[in-house]
Amino acid sequence: MKAIIAYLSDYRDRNDYFLSLMPVGALSIAASLEARGHEIVLANYSKEGVRSAAAHIQSLKPEAVGLSVYTHNRTDSFRLAAEIRKRLPKTLIVAGGPHAAFLGEEILRRVKAIDYVVRGEGELALADLLERGAKRAPAADRIITGGRINKLDALPAPSRFGGVMRGIDPNEQFKYLITSRGCPHRCVFCCSPNLWGRETAFHSAGHIADEIEYCVKTYGIIYFSIRDDNFTLRRKRVLEFCRLLRERKLYIMWNCQSRVDTLDEEMLVEMKRAGLEHIQLGVESGSKRVLSMYDKRTTVADIERASAAVRRAGVYLAFYLMAGMRGERASDIGKTVELIRRTLPGDGMVSPVALYPGTALYDEARERGDIDDDIWFRSKENGIYLRGEAEVGRWIQRLANELGAIRERSWYRERDFRAHRRVVGDGCWVTDILEGDYYLDGELYDRALERYRAAADRHPGNPWPFLRMGKARFMSESYAEAERDFASVTNIVPPYYGGWLKRAESLLALGRREEARECAERAGRLNPYDFRIRNIRKILR
């Protein structure tokens, strides 16, 4: 069957880097359906809008369209469904995603264009639906619950999708990985407990390493972001993953998310040796009573221990924080400020406490009569927040300001890098890169080059030291040396567009326009989406 798996961010978010990306789950569904023999088009219409998306879908005349519906993109997704129905009356329209999963009955009642709602995992549910044929079932059978997939390795990796893609830059899209589904915890602001039943399924360490290796060799991706709710949940798997990266000499840099109570120094050391440079911790609050209200099952002491371990290993530390919990007071915000000052995160994100369908907070608010399901169809807002007082906005600003104010103290310096080496060892190339970056920011080019060269000498197959050496030499106007470094990058990872772009810029600075044009054209073939490549190609015409 011919089908389109589509995503459309809210028009207000079309320039938001993260919200305009295709959800990883939609990619997985597309790859799975393709592997079953269906003709699949994978389309991200976030930059196009409803009318352009509908016109494109009409031109393809698919038998079915699957839409990824989240709370933040629900309004435009429903508009798109209605527009598709006008243009293609016989096409089956299926909604999936967390918002659809928890409001399926309301969506089917109010959005007449949608034929089915899939709850839970879509790979098997959508496959069964397509294999039954493009027919609308009776009302009672229009909500389909996807069976739990416990062996995630049986699914094809999203990056293996070989069909037509529209509005998707593989260089950006495929660097985001989700290697597990579910979480055993029950935080009241998260829909995971109801979506997954507090059960977790995992990809094996080998499967993750295979996907990364494929992305490096096929697309030249050398930086990855692992977006599991809690990547460190299964310690043995993390350590095995790190061992495989080092064993295969997969010189990538990466980041991940973690709870504070599943992280320890030994794990962090192994992760950093395998390329980890940044970790985001789900902290939420520095107040014991607020953590209890969130049902986090973590303590302030846990946060302090995890943060200290991250800083000892020399990984950059970021916090996820929230403000505006029911019953939260200014004194609780003060405790979070004190925690920030003690633990020194280098970065962070502060969010208001939001009400999402499927969360315990939402269910409680609905029972109190503070909210009802009708709000998602009356309101055009991307999110609904637990508290709307101006004071909560001031709390959020205070926490954001504090994260910025401590940056001078939180970023690592010379003495810190010496301490990191005592923990992770002298041979850790990530430490060399981060220390070199510290000197480069201060325009201390010789010292930066010394650190980058140390990493290159120890790991000659690693593109990162050469990328950084090229950057340092370009900044110091040593263009011939920069070009040689960037040539090393293109030799090590030929499909990485960034190496070819930087070579083109260096060659242009040297006045070698024909060679620069060849490198720019190569970069453009590898990545037609990057505006810097488009700009240099225009200059060289």
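Look up a bit, the structure's there.
This one's a predicted model, so the numbers in the text were calculated from it and none came from an experiment.

Pairing within the open sheet is parallel, and its six strands lie in the order 8-11-12-13-14-15. Among the strands making up the open sheet, the edge pair consists of strand 8 (176–177) and strand 15 (347–352). Bridge count for strand 14 (residues 316–323) against strand 15 is six bridges, and the pairing is parallel. Looking at strand 15, one finds that Leu321 is bridged to Val350. With respect to the sheet, helix 17 (residues 390–405) is in contact with strand 14 and strand 15, its orientation differing from that of strand 15 by roughly 175°.

Across its 12 residues, helix 1 (residues 24–35) extends 17 Å between first and last C-alpha, which sits within 8% of the 16 Å expected from 1.5 Å per residue. Judged by how many residues are buried, helix 1 sits mostly within the fold: nine of 12 residues are covered. Among the residues making up helix 1, those that are buried are Val24, Ala26, Leu27, Ser28, Ile29, Ala30, Ala31, Ser32 and Leu33.

Residues Ile5, Ile212, Phe241, Trp254 and Met271 are the most contacted members of the largest nonpolar core, which totals 125 residues. Of all the elements, helix 9 (residues 205–219) adds the most residues to this core, at seven residues. Discounting residues that sit within four places of it in the chain, Met271 has contacts with Phe231, Thr232, Val238, Cys242, Trp254, Cys256, Leu276 and Ile279.

The next thing to look at is the packing of aromatic side chains. According to the stated counting rule, one finds 18 aromatic pairs in the structure shown. Pairing Phe231 with Phe241 gives two aromatic rings, centres 5.7 Å apart and planes at 85°, and the pair type is edge-to-face. Separated by 10 residues along the polypeptide, Phe231 in the loop between strand 11 (223–226) and helix 10 (235–247) and Phe241 in helix 10 bring together distant segments of the chain. Per residue, the accessibility class of Phe231 equals that of Phe241, and both read buried. Consider the rings of Tyr362 and Trp376, whose centres lie 6.0 Å apart with planes at 35°: the pair is tilted.

Now for the pattern of salt bridges. For the structure shown, the criterion picks out 57 salt bridges. Across the salt bridge formed by Arg12 and Asp10, the nearest N and O atoms sit 2.9 Å from each other. We note a salt bridge from Lys175 to Glu172, for which the minimum N-O separation is 3.0 Å. Using a relative accessible area of 16% as the deciding quantity, one classes Lys175 as buried. Residues joined in a network through salt bridges with shared partners are Glu106, Arg109, Arg110, Asp372, Asp374 and Arg378.

Next up on the list: the side chain of Glu483. Its place among the elements puts Glu483 in helix 23 (residues 479–492). Overall, the relative accessible area of 8% leaves Glu483 in the buried class. Discounting residues that sit within four places of it in the chain, Glu483 has contacts with Arg503, Ser506, Leu507 and Leu510.

This part is about the sheet that holds strand 5 (residues 116–119). If you walk across this open sheet you meet the seven strands as 6-5-4-3-1-2-7, and the pairing is parallel. Looking at the sheet topology across the chains shown, the edges are occupied by strand 6 (143–145) and strand 7 (164–166). Strand-to-strand, the axes of this sheet are offset by a mean angle of 20°, without reference to chain direction. One ladder, built from three bridges, connects strand 5 with strand 6; its direction is parallel. If you follow Val117 over to strand 6, its bridge partner there is Ile143. Contacting strand 3 (64–68) and strand 4 (92–96), helix 3 (residues 74–87) crosses the sheet at an angle of about 170° to strand 3. Contacts from helix 6 (residues 122–132) reach strand 1 (2–7), strand 3, strand 4, strand 5 and strand 6 within the one sheet, and its direction differs from that of strand 5 by about 150°.

Criteria and thresholds
- Residues numbered from 1 in each chain as written.
- Predicted model: local features only at pLDDT ≥ 70, side-chain atom pairs only at ≥ 80, totals over all residues.
- Heavy atoms only, no water.
- Pairing = 2+ DSSP bridges.
- Helix = DSSP H or I, 4+ residues; strand = E, 2+ residues; numbered from the N terminus.
- Contact = heavy atoms within 4.5 Å.
- Axes fitted to C-alpha atoms, helices over the stretch in contact; angles between N-to-C directions.
- Expected span 1.5 Å × (residues − 1).
- Buried < 20%, exposed > 50% of the residue type's maximum accessible area, 1.4 Å probe, protein only.
- Core = buried A, V, L, I, M, F, W, Y, C linked by side-chain atoms within 4.5 Å.
- Phe/Tyr/Trp six-rings, centres within 6.5 Å; stacked < 30°, edge-to-face > 60°.
- Salt bridge = Lys/Arg side-chain N within 4 Å of Asp/Glu carboxyl O.

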